[in-house]
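Descriptive structure summary
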Amino acid sequence: MENAKPKLWVPGDWNAFFGFGTNILVNLLTLTGLLRFVLQMPADLVFKRILPAAGLMMCMSTVYYASLAYRLAKKTGRTDVCALPSGISVPHMFIVTLVIMLPVKIVTGDPMKGWQAGLTWVFIQSFVLMAGGYVAPLIRRITPKAALLGALAGVSITFISMKPALEMFMTPMVGVVCFAIILIGWFGGVKYGGIPAGLVAIAAGTIIAWGSNLFGLHFGGMSGEALKASFQTFGFAVPHPVIGLVLGGLHWSFLKTILVTAIPFGIYDLVEAMDNVVSASAAGDEYPTTRVLTADGVISLIGCLMGNPYINAVYIGHPGWKAMGGRIGYSAATGLMVIILSWFGVISLMTAFIPVVAISPILLYIGMLIGSQAFQESPHRHAPAIVVALIPSLAAWAKLQIDNSLGAVSGIHHVTPDMIAAMQQVGIFYHGLSILGGGSILAGVVLGAMTTFIIDRDFSKASGFAAAGALLTFFGLMHGEEVGAFENAPVVIAYLVVSGFLLACRRFAVAATASAPAKVRAEHSAEGGILEAS
């Protein structure tokens, strides 16, 4: 079995390649927009320095995870091993741009200083990831699957699914039609003559968008002028080391801004990557957590030293690409595609030719799979814990919508107590969203784990997670806006009280076992949720 030579490419890799490749393309297009139009960086800096470095990092990452899948397939003798998807972390893309690079660029007026601040942030993050890789296996062993997958489901429903879903219905003739093509192909089992459903959807959306121009409808906003202008970015560019620029950013004027987000987002990376490894394990592919996190840190560090100010991460979505038929080749092929796009200046051409709304349904499909996986792969009795675990992400997403709306419409970037009070009068509990959504991934895992162990009546473990919640909140790593000490004291005290109460409950409750879920449900039904005295 161990000597069997896995196939590097199977027919299903085409589906996964077009799906994952378009996902990466969307991220690159979004990244380019942030650099050019939000940070207003010069075209030469974006297309000849940053994007080539980002392309190198993503190619290294996707090829590495293809090789990891190859070794797993060879070791197990299985033919259905799917490589972990990876690339630039999307949440971090916005955080490092808007919270780190933009303020520095505004204060200094120098885009190079903004770039340097982003590089320094990734430099610190890389070491957090590498160190955290040795802690993650322990966390994974003691944390229930419902908590890890539930927190991931929260991210998939909000930050992965909502934007593409909204884009689809803003341009329904493209978005909804493409979504139907994908659902019929990937869920309905309909074949399109051997052509991957993702490619059919993108082609159909592109034809509809450009064809609508003939009737003056302009679905997707495509134009010949933009397409012609996109050819100006053609040209070969490779990344160059910027070690001096990175090390030059390690001084307090940058660090006082960077450390506030670097530490909590390093922990966010740790938990998210661990969640994604658990997700892959639930789909049948067992990858070593330490190796995955260490690889993300090393690859991010190399990318940073070559000029890329964005962190690398294992992506959510492994079960989706595996369900499409993706195995090993799709990951490596995507890496090669990224090199071509980023080193030859093709990205702006793709932006001008393919409507983003034609790609959005693929992202929604991935969000659907990840959200449903939490319920499918966890015991049925743990469903309430999954719902609790995803709620912090809902709060974080809602707060982000409010913040972005205030900034876009009124130029307001600081919410005052009077504004919070006014919002509360109309049922918008901004302060509650801020507390619940702070460190949403960690909060989801802690609350989900507490609920899971309470359902199983393992009150000592539930108490331990409540205590962990108090500790993390104390340092501002969850339920808070910044790292520090004595952060959000009321929430800390609440967690400690709950921890003590759960320890007391251990003496007065009958422990439920995983082998008797029916008995647990019957007892809950008969008792109305009241603990059974021992």
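Everything numeric here is computed off the predicted structure, so don't read it as measured data.

Brief notes about the overall build of the protein
The helix and strand inventory of the protein stands at 24 helices and two strands. Relative to all contacts within the protein whose residues are 6 or more apart in sequence, the contacts with residues 24 or more apart total 83%. Carbon and sulfur atoms form 70% of the exposed surface of the protein, whose accessible area is close to 22,600 Å².

Here's the deal with helix H20 (residues 430–437)
Residues lying three or four places apart along an α-helix face the same way, a consequence of the helix completing one turn every 3.6 residues. Along H20, the residues that are buried comprise Tyr430, Leu433, Ser434 and Gly437. Viewed along the axis of H20, the buried residues span an arc of 100°, placing them on a single side of the element. Next to the buried residues of H20 lie helix H18 (383–410), helix H19 (417–425) and helix H21 (440–455). Following H20 by one or two positions, Gly439 has its phi on the positive side, about 60°.

Side note on the environment of Leu39
Inspection of the secondary structure puts Leu39 in the loop between helix H1 (12–38) and helix H2 (43–76). Put simply, Leu39 and Ile106 are 67 residues apart on the chain and 8.7 Å apart in space, counted from C-alpha to C-alpha. Setting aside residues no more than four positions away along its own chain, Leu39 makes contact with Leu34, Thr97, Met101, Leu102 and Lys105.

Structural notes on the packing of aromatic side chains
What the rule picks out here adds up to 17 aromatic pairs. Look at Phe20 and Tyr315: their rings are 6.2 Å apart centre to centre, the planes differ by 80°, and that puts the pair in the edge-to-face class. Of this pair, Phe20 sits in helix H1 while Tyr315 sits in the loop between strand S2 (312–314) and helix H14 (318–324), placing them 295 residues apart in sequence. With a relative accessible area of 0%, Phe20 lands in the buried category. According to the relative accessible area criterion, Tyr315 is buried, its value standing at 8%. Ring geometry for Phe236 versus Phe344: centroids 5.1 Å apart, planes at 50°, classification tilted. With Phe236 in the loop between helix H10 (224–230) and helix H11 (243–248) and Phe344 in the loop between helix H15 (329–343) and helix H16 (347–353), this pair connects stretches of sequence that are 108 residues apart. According to the relative accessible area criterion, Phe236 is exposed, its value standing at 54%.

As for the packing of H2 against H15
Closest axis-to-axis distance for the H2/H15 pair is 8 Å, and the angle between their directions is 170°. It follows from the interaxial angle that H2 and H15 lie roughly antiparallel. Contacts between H2 and H15 involve Phe47, Leu51, Pro52, Gly55, Leu56, Met58, Cys59, Thr62, Val63, Tyr65 and Ala66 from the former and Ser331, Ala332, Thr334, Gly335, Leu336, Val338, Ile339, Ser342 and Trp343 from the latter. Here the contact of H2 with H15 is built from residues that sort into 14 nonpolar, six polar and no charged.

Structural notes on a nonpolar patch on the surface
On the surface, Ile157, Phe375, Val387, Ile391 and Leu394 cluster together into a nonpolar patch covering about 360 Å² of accessible area. Among the elements that make up the nonpolar patch, the one with the highest residue count is H18 (three residues). When its relative accessible area of 35% is taken as the criterion, Phe375 is described as partly exposed.

Some remarks on the side chain of Thr289
Structurally, Thr289 is set in helix H13 (residues 289–305). Not counting residues within four places of it along the chain, the set of residues in contact with Thr289 comprises Ala136, Pro137, Arg140, Met274 and Val277.

Points about the confidence of the model for the protein
Interpretation of the predicted coordinates at a detailed level should be avoided for regions scoring low in pLDDT. Across the protein, pLDDT averages 85, with 90% of residues at or above 70. Every residue in residues 514–534 is under pLDDT 50, and counting partners more than four places away or in other chains gives 22 contacts.

As for the packing of helix H8 (residues 172–186) against helix H9 (residues 197–212)
Two elements in contact, H8 and H9, have axes separated by 9 Å at closest approach and are oriented at 160°. The pairing of H8 with H9 is recorded here as roughly antiparallel in orientation. Here H8 and H9 pass one another in a crossing that is right-handed. Contact residues: H8 offers Met173, Val174, Val177, Cys178, Ile181, Ile182, Gly185 and Trp186, while H9 offers Ala197, Gly198, Val200, Ala201, Ala204, Gly205, Ile208 and Ala209. For the contact of H8 with H9, the class distribution of residues is 13 nonpolar, three polar and no charged.

What counts and how
Residues numbered from 1 in each chain as written. Predicted model: local features only at pLDDT ≥ 70, side-chain atom pairs only at ≥ 80, totals over all residues. Heavy atoms only, no water. Helix = DSSP H or I, 4+ residues; strand = E, 2+ residues; numbered from the N terminus. Contact = heavy atoms within 4.5 Å. Areas by Shrake-Rupley, 256 points an atom, 1.4 Å probe, with all protein chains shown as cover. Buried < 20%, exposed > 50% of the residue type's maximum accessible area, 1.4 Å probe, protein only. Arc of directions from axis to C-beta. Phe/Tyr/Trp six-rings, centres within 6.5 Å; stacked < 30°, edge-to-face > 60°. Axes fitted to C-alpha atoms, helices over the stretch in contact; angles between N-to-C directions. Parallel < 35°, antiparallel > 145°, perpendicular 65-115°, else oblique. Nonpolar A, V, L, I, M, F, W, Y, C, P; charged D, E, K, R; others polar. Patch = residues over 30% accessible without salt bridge, like charges linked within 9 Å, V, L, I, M, F, W, Y side chains within 5 Å. Salt bridge = Lys/Arg side-chain N within 4 Å of Asp/Glu carboxyl O. pLDDT = per-residue confidence, 0-100. Left-handed = near helix turned anticlockwise from the far one by under 90°.

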